[in-house]
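What the coordinates show
These are the residues of each chain, in order.
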Amino acid sequence: EPIKGHVTFNHVTLTYTKDDDSALKDICFDAPPGKVIGLIGSTGAGKTSITQLITRFYEPEIGEVLVDNRSVKDYNIKTLRKHIGFVLQEPFLFSTTIKENIAYGNPDVTDHQIMDAAKRAQAHEFIMNLPNGYETMLGERGMGLSGGQKQRIAIARAICINPSILVLDDATSAVDMETEFKIQKALKEVMQGRTSFIIAHRISSLKHADEILVLDEGQIVERGTHDELLNNDGQYKRIYDI
Ligand code: TTP
Ligand code: MG
């Protein structure tokens with residue numbers, strides 16, 4: 001049965017080590033398919049932790065995480081992860097061709113799909129400008145590419161797996177705002193009927209999210225759309241005004 005990508009958190013508390021304070025406290029939200037959820041908040045607020053519970057890299061101490069109304073505990077972990085596309089701030093690249101970097105872990109993907117994913121990730125153009133195009137060999141950790149170019153390769157890879165749930169963890173931080181906007185527009189198209197999480201530090205990255213969760217010290221302190229949050233005159237507005 002295909003995963004639609006409906007993500008629900010019910011009173012989730014997460015503690016990494018017994019002596020530490022909880023990294024997440026009583027987190028509740030519902031992210032139905034088709035929605036883009038934005039996560040913002042200062043460093044250490046718990047944004048990455050939220051997304052790591054969806055993939056079951058960690059288990060909550062209290063509460064439950066559901067995908068399509070079923071506890072993530074009840075999924076085969078490989079099946080679950082196969083449907084979740086993760087793009088990390090520090091993109092993970094291999095010393096092989098750009099093409100293989102995009103297709104990584106996905107043996108069935110065609111050249112056409114690779115190129116289509118790269119176009120959506122706004123990577124096609126710079127790839128074509130490299131002497132060997134998609135066959136260009138990347139050095140260790142993607143040497144030879146800028147930070148923003150590496151991020152776009154990582155985004156193309158995530159698109160290629162055709163995810164039901166997509167997590168961009170600060171994944172466009174090194175990309176200029178105009179390019180970021182184009183990527184987000186393309187992702188919105190790709191992720192129709194599925195669920196996206198966008199973690200960002202700059203508010204401009206989240207403007208178009210359907211719901212933004214503002215985190216502080218492991219708690220959701222505000223939630224709403226960009227416009228609603230600006231009217232709130234709370235933490236989001238203060239970040240905006242900086
Ligand atoms: P994060 O969830 O990593 O916070 P963040 O993603 O909001 O921060 P940043 O903007 O810097 O990326 O961390 C929340 C707390 O949990 C923090 O005290 C660090 C701790 N933590 C661990 O102990 N182990 C982990 O694997 C992670 C991800 C976080
Ligand atoms: Mg983080």
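Everything in this summary refers to the structure shown in the same document. (Residues numbered from 1 in each chain as written. Chains lettered and ligands numbered in written order. Predicted model: local features only at pLDDT ≥ 70, side-chain atom pairs only at ≥ 80, totals over all residues. Heavy atoms only, no water.)

1. Examining the overall build of the chain
- The helix and strand tally for the chain stands at nine helices and ten strands.
- Relative to the globule expectation of 18 Å for 242 residues, the C-alpha radius of gyration of the chain, 18 Å, shows essentially globular dimensions.
- By its C-alpha atoms, the chain is 50 × 45 × 35 Å across when sized along the principal axes.
- Looking at the chain residue by residue over its 242 residues, the buried ones come to 50%.
- Long-range pairs, those at least 24 residues apart, make up 67% of the contacts in the chain with a sequence separation of at least 6.
- Accessible surface computed for the chain: about 12,400 Å², of which carbon and sulfur atoms make up 48%.
- Put simply, the chain has 27 plus and 34 minus side-chain charges, and the middle of one group is 4 Å from the middle of the other. (Helix = DSSP H or I, 4+ residues; strand = E, 2+ residues; numbered from the N terminus. Rg over C-alpha atoms; globule rule 2.2 N^0.38 Å. Buried < 20%, exposed > 50% of the residue type's maximum accessible area, 1.4 Å probe, protein only. Contact = heavy atoms within 4.5 Å. Areas by Shrake-Rupley, 256 points an atom, 1.4 Å probe, with all protein chains shown as cover. Lys, Arg positive; Asp, Glu negative; His and termini not counted. Charge placed at Lys NZ, Arg CZ, Asp CG, Glu CD.)

2. Structural notes on the site of ligand 1
- Taken together, 13 residues form the shell around ligand 1, and within it Thr43, Gly44, Lys47, Thr48 and Ser49 come nearest.
- Here ligand 1, which alone exposes 600 Å², has 64% of that area covered by the protein.
- In terms of residue class, the shell around ligand 1 is made up of four nonpolar, eight polar and one charged. (Near = heavy atom within 4 Å. Nonpolar A, V, L, I, M, F, W, Y, C, P; charged D, E, K, R; others polar.)

3. Concerning the sheet that holds strand E1 (residues 7-14)
- A sheet is described by the order of its strands in space; here four strands give the open sequence E2-E1-E4-E5, paired in antiparallel fashion. Because the sheet does not close on itself, it has two edges, and the strands there are strand E2 (24-31) and strand E5 (70-71).
- Its contacts with the sheet put helix H1 (residues 47-54) on E1, E2 and strand E4 (62-67), and the angle it makes with E1 is roughly 120°. (Pairing = 2+ DSSP bridges. Axes fitted to C-alpha atoms, helices over the stretch in contact; angles between N-to-C directions.)

4. A word on helix H7 (residues 177-190)
- The first and last C-alpha atoms of H7 sit 20 Å apart over 14 residues, in line with the 20 Å expected at 1.5 Å per residue.
- Along H7, the residues that are buried comprise Thr179, Glu180, Ile183, Gln184, Ala186, Leu187 and Val190. Axial view of H7: buried residues confined to an arc of 165°, hence all on one face. In H7, the exposed residues that point more than 90 degrees away from the buried face are Met177, Glu178, Lys185 and Glu189.
- Looking at the buried side of H7, the elements it contacts are helix H4 (111-120), helix H6 (147-160), strand E7 (165-169) and strand E8 (195-199).
- N-cap assignment for H7: the residue whose side-chain oxygen lies 3.2 Å from the backbone N of Glu178 is Asp176. (Expected span 1.5 Å × (residues − 1). Arc of directions from axis to C-beta. Polar contact = N/O pair within 3.5 Å; in protein donor to acceptor, adjacent residues only side chain to side chain.)

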